[in-house]
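Each chain, letter by letter, is given below.
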Amino acid sequence: MAISGQTFYGNLPRINDFEKLTDLQTYVQLPDDWWVGVADIVGSTQEIERGRYKIVNMVGAAVISAQVNAAGMEPLPYVFGGDGAGFAVWPEQRAAAETALAGVQNWAREEFDIGLRVAMVRVSDIRAAGQDIRVARYAASDGVDYAMFSGGGLLWAETQMKAGELSLGDVAGAETADLTGLSCRWSNMEAQNGKILSVVMQPGEGVSEQDFAAISQSVLSAAQNLNREGHPVPKAGPGFRFPPAGVELETHVNRNGRSKWMHWTRITVGNALIWLLFKSGVRLGSFKPEEYREDTARNADFRKFDDGLKMTLDCDAETQSRIETVLKEAAVQGLVRYGLHAQDEAMMTCFVPSATENSHVHFVDGAAGGYARAASHLKARERSASLSQAAHDAGRKEVNAQNEQHTQPQKPAISVQ
């Protein structure tokens with residue numbers, strides 16, 4: 001069992017080859033006394049249909065920014081899921097994590113009228129339920145790494161939360177969370193190869209981790225020939241216009257008692273300065289616009305393992321077809337469940353603790369529903385398969401009943417004289 005404590009995650013080795021993450025030996029068990037948190041937006045598909053996909057992404061990213069701020073910027077494992085997030089903290093951090101989680105839940109409801117399910121569960125309880133939870137550190141760049149999860153425990157916790165079996169309960173003092181650094185200022189990024197493809201893949205019922213890892217490797221191999229393996233953020237960084245598309249959303253973040261108008265003015269003035277720096281290329285102290293944009297591309301989180309595989313790819317039609325073929329064949333064998341969603345653009349929601357360091361974090365998703373849409377397609381495919389199976393079973397039952405009726409011995413007719 002892994003040694004517990006605050007430094008556990010920060011001491012894990014950083015892996016810089018994403019394909020190596022299909023090797024289960026790269027993952028380390030989370031300590032039994034750690035706590036896992038999960039969050040998920042209620043009715044995210046409906047929110048996206050209302051055109052609120054930027055809000056959905058911001059609320060999902062807010063869960064992570066709240067946890068990192070609550071932990072005083074100490075390294076902790078987390079994963080962004082588009083319409084939610086998962087994370088883990090050491091035992092002494094549990095109370096602060098619960099307060100931050102409840103604070104985001106309150107903030108989402110008050111600022112956006114969005115319901116956010118939240119829950120925390122001890123790692124030992126996950127294992128007692130027959131699941132495991134292991135973690136690895138993927139180094140997207142020199143400045144940023146992201147947690148990858150395996151073992152089924154994170155997905156189990158989310159499923160239990162959605163079923164109402166896990167929740168957070170009342171948390172004292174959780175008025176709102178510290179969301180310092182949360183932003184969404186970059187312009188959307190148009191697909192250069194055809195479409196932005198959102199991929200959500202999960203293991204089938206009872207499928208071993210080894211079998212799922214093999215399918216994951218096949219999907220990654222199918223995308224390998226794409227420019228930069230399908231990275232949707234241009235190498236020189238995303239575009240920035242003034243005023244940025246997300247400025248209105250940012251007025252809902254860390255107002256600290258200011259009116260929305262005052263907060264909007266403050267944010268707009270700050271964004272005007274940033275736009276001038278990017279436009280002119282002029283350095284301001286240690287802030288170097290060109291390097292910051294390039295770091296943004298390097299640091300972007302466009303693929304991840306979280307008891308499944310999620311990817312946001314700038315994808316041509318041929319590669320999309322190859323990926324679909326791999327997934328369809330695996331689904332027929334019951335090895336995976338999957339959903340895909342194609343759109344014209346990708347988007348980013350960001351967590352920037354400091355603009356002068358290269359540790360700024362950027363969560364990538366499709367700009368027209370992305371992971372949430374792909375997940376809804378996965379569920380729709382499962383419902384369709386379930387209905388087809390039910391109809392098939394009912395048909396067989398009816399045929400068997402008819403056959404049984406025909407094979408019953410007939411009583412001889414009685415002649416009445």
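Throughout, residues of each chain are indexed from 1 in the direction in which the sequence is written. Residues qualify for local features only when their pLDDT is at least 70, as the model is predicted, and side-chain atom pairs are given and counted only at 80 or more; totals for whole chains, interfaces and linings, by contrast, use all residues. Computation of side-chain values: all heavy atoms of the structure, hydrogens and water removed.

Enquirer: Honestly, the packing of aromatic side chains in this entry has me stumped. Any pointers?
Expert: Given two aromatic rings, one states the distance between the centres and the angle between the planes to describe the pair. Only the six-membered ring of Trp is used, alongside the rings of Phe and Tyr, when aromatic pairs are assigned; centres must lie within 6.5 Å, and planes under 30 degrees apart are stacked while those over 60 apart are edge-to-face, with the rest tilted. Applying the stated rule across the entire model yields 15 aromatic pairs. Here Trp107 and Phe112 contribute two aromatic rings whose centre-to-centre distance is 5.3 Å and whose plane-to-plane angle is 90 degrees, an arrangement assigned as edge-to-face. Each member of the pair Trp107 and Phe112 is classed as buried. Their ring planes at 50 degrees and their centres at 5.4 Å tell us that Phe287 and Tyr292 sit as a pair that is tilted. Relative accessible area decides the class of each residue, using a 1.4 Å probe on protein chains only: under 20% of the type maximum gives buried, over 50% gives exposed, and in between gives partly exposed.

Enquirer: So what exactly am I meant to see when it comes to the side chain of Ser216 here?
Expert: What counts as a helix is a DSSP run of H or I of at least four residues, what counts as a strand is a run of E of at least two, and both are numbered from the N terminus. Within the secondary structure, Ser216 sits in helix H6 (residues 209-223). Among the residues examined, Ser216 registers a relative accessible area of 1% and is labelled buried. Leave out the neighbours within four places in its chain, and Ser216 touches Thr22, Met201, Phe305 and Leu309. Contact definition: two residues touch when any of their heavy atoms are within 4.5 Å.

Enquirer: Looking at this model, I keep getting lost on the nonpolar core. Mind explaining?
Expert: One broad rule of soluble globular proteins: the nonpolar side chains tend to lie buried together. Here, nonpolar core means buried Ala, Val, Leu, Ile, Met, Phe, Trp, Tyr and Cys residues that are tied together by side-chain atoms lying within 4.5 Å of each other. With 117 residues, the main nonpolar core has Leu30 and Trp107 as its most contacted residues. Here this core gets ten residues from one element, more than from any other, and that element is helix H2 (residues 53-70). Apart from the residues lying within four places of it in its own chain, the contact partners of Trp107 are Met58, Val59, Ala62, Phe112, Thr176, Leu179, Leu182, His252 and Val253.

Enquirer: Mind showing me how you'd approach unusual backbone geometry here?
Expert: Trans peptide bonds make up the majority, and among non-glycine residues the majority have a negative phi. In this structure, Arg228 is a non-glycine residue whose phi angle is positive, near 55 degrees. Relative to the assigned elements, Arg228 resides in the loop between H6 and helix H7 (247-250). Phi at Asp307 takes a positive value of approximately 65 degrees, unusual for a residue other than glycine. On the secondary structure map, Asp307 appears in the loop between strand E13 (303-305) and strand E14 (309-315). According to the relative accessible area criterion, Asp307 is buried, its value standing at 8%.

Enquirer: Honestly, the layout of surface pockets in this entry has me stumped. Any pointers?
Expert: Once rolled over the atoms, a probe with the size of a water molecule shows which space is left empty. In this structure, the second largest pocket occupies an estimated 710 Å³ of space. Buried and open spaces are told apart on a 1 Å grid over the protein atoms alone, a cavity being a set of points where a 1.4 Å probe fits but cannot get out and a pocket being an open set with protein on both sides within 12 Å along at least five of seven lines. Residues with an atom within 4 Å of a point are the lining residues. In terms of lining, the second largest pocket is formed by 29 residues, of which the most central are Gly181, Ser183, Arg185, Glu250 and Ile274. Elements with a contribution of two residues or more to the lining of the second largest pocket: strand E9 (182-183) and helix H8 (260-280). Of the residues that constitute the lining of the second largest pocket, the class distribution is 16 nonpolar, nine polar and four charged. Grid points are joined across faces, edges and corners, and a volume is the space filled by probe spheres set on the points. Just so you know the grouping, Ala, Val, Leu, Ile, Met, Phe, Trp, Tyr, Cys and Pro go in nonpolar, Asp, Glu, Lys and Arg go in charged, and all remaining residues, Gly too, go in polar.

Enquirer: In this structure, what is going on with the pattern of salt bridges? I would like to understand it.
Expert: Should the charged atoms of two oppositely charged side chains come close, the side chains can pair. A carboxyl oxygen of Asp or Glu within 4 Å of a side-chain nitrogen of Lys or Arg is what we treat as a salt bridge. Tallying each qualifying case throughout the model produces 22 salt bridges. With a closest N to O distance of 2.4 Å, Asp40 and Arg117 form a salt bridge. Highlighted residues: Asp40 in strand E3 (residues 35-41) and Arg117 in strand E6 (residues 116-122), separated in sequence by 77 residues. For Arg117, a relative accessible area of 26% puts it in the partly exposed group.

Enquirer: Any chance you could explain the sheet that holds strand E5 (residues 84-89) here in plain terms?
Expert: What holds strands together in a sheet is hydrogen bonding between their backbones, with the strands either parallel or antiparallel. By the convention used here, strands pair only if DSSP detects at least 2 bridges between them. In space, the four strands of this open sheet follow the order E4-E5-E3-E6, with antiparallel pairing throughout. The open sheet is flanked by strand E4 (78-80) and E6, the only strands paired with a single partner. Put simply, the sheet's adjacent strands are angled 10 degrees from each other on average, direction ignored. The pairing of E3 with E5 spans six bridges and is antiparallel. Pairing of Trp35 across the sheet is with Val89, part of E5. As a rule, the C-alpha atoms of each element are fitted with a line to give its axis, helices using only the stretch in contact, and angles between N-to-C directions run from 0 to 180 degrees. Where helix H3 (residues 94-112) meets the sheet, it contacts E3, E5 and E6, and its direction lies at approximately 170 degrees from that of E6.

Enquirer: What is the right way to read the pairing of strand E15 (residues 336-343) from this model?
Expert: Each regular strand displays side chains that alternate between the two surfaces of the sheet. With six of eight residues buried, E15 is to be regarded as a mostly interior element. Note that strand E11 (residues 195-203) and E15 share eight bridges and pair antiparallel. Paired with Val200 across the two strands is Gly339, which belongs to E15.

Shape descriptors only; they carry no functional weight alone.
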